Structures are given as structure tokens and as C-alpha cells.
Amino acid sequence: SYLWETAGYDQQKQFDGTFAPYFSGWLEILSSDLVRDIASDPDTLFTSMHMGYAEDLQMGKWVQNQANRDDHPRQIKYVTDGSLIWNPSETESKER
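On a predicted model such as this, the values are computed, not experimentally measured, just so you know.

1. Remarks on the overall build of the protein
- Scanning the protein from N- to C-terminus turns up four helices and two strands.
- Along the chain direction, N to C, the helices and strands of the protein fall in the order β-β-α-α-α-α.
- Relative to its full complement of 96 residues, the protein shows a buried share of 28%.
- Total accessible area computed for the protein in this model is approximately 7,200 Å², and 53% of it derives from carbon and sulfur atoms.

Listed below in C-alpha cells is the structure:
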């Protein structure tokens, strides 16, 4: 997984030109309380109205929405620890 902290391409921006940091790749890990807050937030339903469809970009926006909440902003910690990355081809070669 790779953390995009800034937009490298116009396609990564919302229709209004703003950008939300996001991970691209095979794995995203969120705390259960963050998932609960995202799922119960009415703005989650309307995220795709402000950006093209890409699940990685939408996840980044959902997380950013929680960080910027008016009622109770959340502290978000982005972890880019290499130990969270699993490469199936490396595992297969070690098993042989």
C-alpha cells in the first residue's frame, strides 16, 4: 500500500479541486470505532457525489470527514509500516 499525501494527478482530486490523503493498494486497516463513525455519518452516503468513483479515494474522503467533524474531530494516524505489507510472491518462494 502507498499513502498519497498530495495529489499527483488531477484524477485524484474531487470535483471541486480538493484532495484527501488516502492509501492505494490491497490493504487498508481502520479501527473499529472509526469504521462505526464512518458508517453512521450521513456524509458518507454523499461522498461519491463530490468525486469520481474510486474506492481508495472515497475511503480517504470518509476518513478526512471524520478528522474534520464539527461536533468531535478525530485524531487520525496514518501508519506506513512496511511490516503491514504482504507480498504473496515472496511467501510462495520461501515455501518452496
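2. Overview of helix α1 (residues 32–40)
- Where α1 is concerned, the buried positions are Leu-34, Asp-37 and Ile-38. Across the axial projection of α1, the buried residues extend over an arc of 100°, all falling on one side. Seen from the open side of α1, the exposed residues pointing more than 90 degrees away from its buried face are Ser-32, Arg-36, Ala-39 and Ser-40.
- Where the residues of α1 are buried, they touch α2 (42–45) and α3 (55–67).

3. Quick notes on the confidence of the model for the protein
- Summing up the model confidence of the protein, the mean pLDDT is 81 and the portion of residues at 70 or higher is 78%.
- Confidence, expressed as mean pLDDT per element, reaches its minimum in the protein at helix α4 (residues 88–95) with 51 and its maximum at α1 with 93.

4. Observations regarding α3
- Taking 1.5 Å of rise per residue, 13 residues should cover 18 Å, and α3 covers 18 Å from first to last C-alpha, within 8% of that figure.
- Counting buried residues in α3 gives ten out of 13 residues, a clear majority hidden from the surface.
- Listing the buried residues of α3 in full gives Asp-56, Leu-57, Gln-58, Met-59, Gly-60, Lys-61, Val-63, Gln-64, Asn-65 and Gln-66.

5. Notes on the environment of Ala-54
- Checked against the element boundaries, Ala-54 lands in the loop between α2 and α3.
- For the pair formed by Ala-54 and Ser-24, sequence separation is 30 residues and the distance between their alpha carbons is 10.0 Å.

Definitions and limits used
Residues numbered from 1 in each chain as written. Predicted model: local features only at pLDDT ≥ 70, side-chain atom pairs only at ≥ 80, totals over all residues. Heavy atoms only, no water. Helix = DSSP H or I, 4+ residues; strand = E, 2+ residues; numbered from the N terminus. Buried < 20%, exposed > 50% of the residue type's maximum accessible area, 1.4 Å probe, protein only. Areas by Shrake-Rupley, 256 points an atom, 1.4 Å probe, with all protein chains shown as cover. Arc of directions from axis to C-beta. Contact = heavy atoms within 4.5 Å. pLDDT = per-residue confidence, 0-100. Expected span 1.5 Å × (residues − 1).

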